[in-house]
Amino acid sequence: MAIHLTAAMRVIATGMTSVIRYVFTLTSTLITKRAACWSLFIMALTGLSASSFAVFAADIASSHFAANSNLNSNSNSNSGSSDAIKSDVSHIQAPISKTIVTTIQQTWQLNLLKEALRRSDSGYKVQQMSTQMNQKRKVEEALAGTVDVFWSMTSKELEETVLPVRIPLFKGLLGNRLLIIRKADETRFANVKTMADFRQLKAGQNRYWPDATILGANGLPVVTSYQYTNLYPMLEGGRFDYLALGAQEIGEELASHPDPALKVDSHILLQYRSPAYFFVSPKRPELAAAILAGLESMVSDGSFDEMFNRELKIEQLYREAKFEQRVIIRLDTPDLSPLTPIERKELWLDLFSMQGAT
């Protein structure tokens, strides 16, 4: 009782009660280093010993976590038992796992995620899932908390469902699309000059990709499949005329689905604003904050661009794709979130300002 009275008088006199509550707010969000620093500061300011501070802080923590968790306190409990209070607090404040589960398999995105987490000094360990999932399944698993982070091209609906980290992973390159076509149709595509010409061609798309919605909203005919791998035989079989993929991925994708009847078109660049982000489970807001902090650090010191250019071989891609020599078909993205950081020029490549061939 004497310890409580002495501590209470000192803390009230110095106005530190709210600070102690802040310590436990920090602790509950895993900012443990900062919480420890505040604890030491309070002890130094009030003159409390570590044991006395622990007893008094336990009482405050108990009420703090009970209030924030809407728990009913037991009015008949023995408030003088600091051990019981500490036990209750540790029961309420379950530690958040430092292991994160991701569906990300691709080299660039995975390396970027790991580097961003390293930059945030978070101590997270990345665990990859081997299960293949479509977009819909990834979102469902993220909502359930079994997947912590995945990457995807964005949409307004997706950003309202899970937590977006709004740093474009490909600097807008994913929205600069080249086309896989049938070799027999090469001349047909070479004759495209305008949007009206392009609308005569039929696109193929994965049903769950936001691209299908964008193409349809721009008046382009689209045939969809629930399975991405089905699109290649569908294209060869004449179900549609082209498959549009990000410039950075199209060569590798075609090589992984070899077909002598198909090729990458050399004439058209299909362009629309479609950033890809890391998306985080709503159950892990502290993880989203850590990823964002790490990415912002990389953007700030130039290491994001350095890593991006090296791993995606951007100079070689520009030489081979010959973007400026292509007819550019520009589409609107009606579902683009107003929070998209378009004004931050450092986050985007300069492809969106090109004139292209006429």
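Numbering of residues starts from 1 in every chain and runs along the sequence as written. Reporting of local features is limited, given that this is a predicted model, to residues whose pLDDT is at least 70; pairs of side-chain atoms are given and counted only at 80 or more, and all residues count toward the totals for whole chains, interfaces and linings. The basis for the side-chain values is all heavy atoms of the structure; hydrogens and waters are excluded.

Draft legend 1. Fine view of the pattern of salt bridges. Between Lys or Arg on one side and Asp or Glu on the other, a salt bridge is scored when a side-chain nitrogen of the former is within 4 Å of a carboxyl oxygen of the latter. Taken as a whole and assessed by the stated rule, the structure comprises 17 salt bridges. Linking E141 and R137 is a salt bridge whose minimum nitrogen-to-oxygen distance equals 2.8 Å. Of this pair, E141 and R137 both sit in helix α7 (residues 135-144), separated by four residues, roughly a single helical turn. Across the pair R284 and E286 runs a salt bridge, and its minimum N-O distance is 2.8 Å. On the basis of relative accessible area, R284 is assigned to the buried category, the value being 8%. Three or more residues are tied together by salt bridges with common partners; here these are E115, R118, R119 and D301. Helix and strand assignments follow DSSP, with helices taken as H or I runs no shorter than four residues and strands as E runs no shorter than two, numbered in order from the N terminus. Burial classes: relative accessible area under 20% of the type maximum marks a residue as buried, over 50% as exposed, and values in between as partly exposed (1.4 Å probe, protein chains only).

Draft legend 2. Up close: the packing of aromatic side chains. Note on ring pairs: Phe, Tyr and Trp rings are taken, using the six-membered ring of Trp, and paired if centres are within 6.5 Å. Classes follow the plane angle, with under 30 degrees stacked, over 60 edge-to-face and the rest tilted. In total, this model carries 13 aromatic pairs according to the counting rule given. Ring centres of W209 and Y228 lie 5.2 Å apart, and the angle between their planes is 35°; this geometry places the pair in the tilted category. Of this pair, W209 sits in the loop between β6 (203-206) and α11 (210-217) while Y228 sits in the loop between β7 (222-225) and α12 (231-236), and the two are 19 residues apart along the sequence. Here Y228 falls in the buried class, since its relative accessible area comes to 16%.

Draft legend 3. Up close: the pairing of strand β2 (residues 125-128). Across four bridges, the pairing between strand β1 (residues 99-102) and β2 is parallel. Considered in β2, the bridge of I100 is made with V126. Taken together, β1, helix α6 (residues 107-119) and β2 form a β-α-β motif whose crossover is right-handed. Pairing between two strands is assigned when DSSP locates at least 2 bridges connecting them. Seen with its strands pointing away from the viewer, a crossover is right-handed if its path from the first strand over the helix to the second goes clockwise.

Draft legend 4. Inspection of the layout of surface pockets at higher detail. When its volume is computed, the largest pocket comes out at roughly 1,600 Å³. Computed over the protein atoms alone on a 1 Å grid, cavities are sets of points where a 1.4 Å probe fits but cannot get out and pockets are open sets with protein on both sides within 12 Å along at least five of seven lines; a residue lines them when it has an atom within 4 Å of a point. Lining the largest pocket we find 45 residues, and of these Q106, Q109, W151, E249 and E253 sit closest to its centre. Elements represented by at least two residues in the lining of the largest pocket include exactly α6, α7, β3 (149-153), α11, α13 (250-256) and α16 (314-321). A breakdown of the residues in the lining of the largest pocket according to their chemical character gives 18 nonpolar, 18 polar and nine charged. Grid points are joined across faces, edges and corners, and a volume is the space filled by probe spheres set on the points. One number sums up the size of the second largest pocket: a volume of about 480 Å³. Lining the second largest pocket are 22 residues, with Q135, S155, E157, Y208 and P210 sitting closest to its centre. At the level of elements, α7, α8 (156-161) and α11 are the ones that each hand at least two residues to the lining of the second largest pocket. Per-element accounting of the lining of the second largest pocket gives the leading share, five residues, to α7. Of the residues contributing to the lining of the second largest pocket, the split by class is eight nonpolar, seven polar and seven charged. All amino acids are sorted into three groups, where Ala, Val, Leu, Ile, Met, Phe, Trp, Tyr, Cys and Pro are nonpolar, Asp, Glu, Lys and Arg are charged, and the leftover types, Gly among them, are polar.

Draft legend 5. Molecular detail of the packing of α6 against helix α15 (residues 303-311). To define axes, lines are fitted to C-alpha atoms, for helices over the stretch in contact only, and angles between the resulting N-to-C directions are given on a 0 to 180 degree scale. The contact between α6 and α15 brings their axes to 11 Å, and the two run at 160°. With respect to α15, the axis of α6 lies roughly antiparallel. For the pair α6 and α15, the crossing hand works out as right-handed. On α15, the residues that touch T107, W108, N111, L112, E115 and R119 of α6 are S303, F304, M307, F308 and E311. Among the residues making up the contact of α6 with α15, the classes are represented as five nonpolar, three polar and three charged. Every angle not falling under 35 degrees, over 145, or within 65 to 115 is termed oblique; those three ranges are roughly parallel, roughly antiparallel and roughly perpendicular. Take the far helix as the reference: if the near one is turned anticlockwise from it by less than a right angle, the crossing is left-handed, and if turned clockwise, right-handed. Two residues form a contact once any of their heavy atoms are found within 4.5 Å.

Draft legend 6. Examining the confidence of the model for the protein more closely. The score called pLDDT rates the predictor's confidence residue by residue, from a low of 0 to a high of 100. This prediction gives the protein a mean pLDDT of 80; 73% of its residues lie at or above 70. Contacts of residues 1-93 to residues separated by more than four positions or lying in other chains number 78 contacts, the stretch itself having pLDDT below 50.

Draft legend 7. Representation of the pairing of strand β11 (residues 276-280). Most of β11 sits inside the fold, with five of its five residues counted as buried. Bridge count between strand β4 (residues 163-165) and β11: three bridges; the pairing is antiparallel. Residue pairing across strands places P164 opposite F279, the latter belonging to β11.

Draft legend 8. Structural view of the nonpolar core. As used in this record, nonpolar core signifies buried Ala, Val, Leu, Ile, Met, Phe, Trp, Tyr and Cys residues forming a set joined through side-chain atoms within 4.5 Å. Formed by 76 residues in total, the largest nonpolar core has its most connected members in L173, F198, Y242, F278, I291, L295 and F323. Looking at which element gives the most residues to this core, the answer is helix α14 (residues 285-301), with seven residues. Not counting chain neighbours up to four residues away, the residues in contact with I291 comprise L113, A116, L117, V149, V165, F278 and V280. Grouped together as the second largest cluster of nonpolar side chains are nine residues, V139, A142, L158 and Y277 included.

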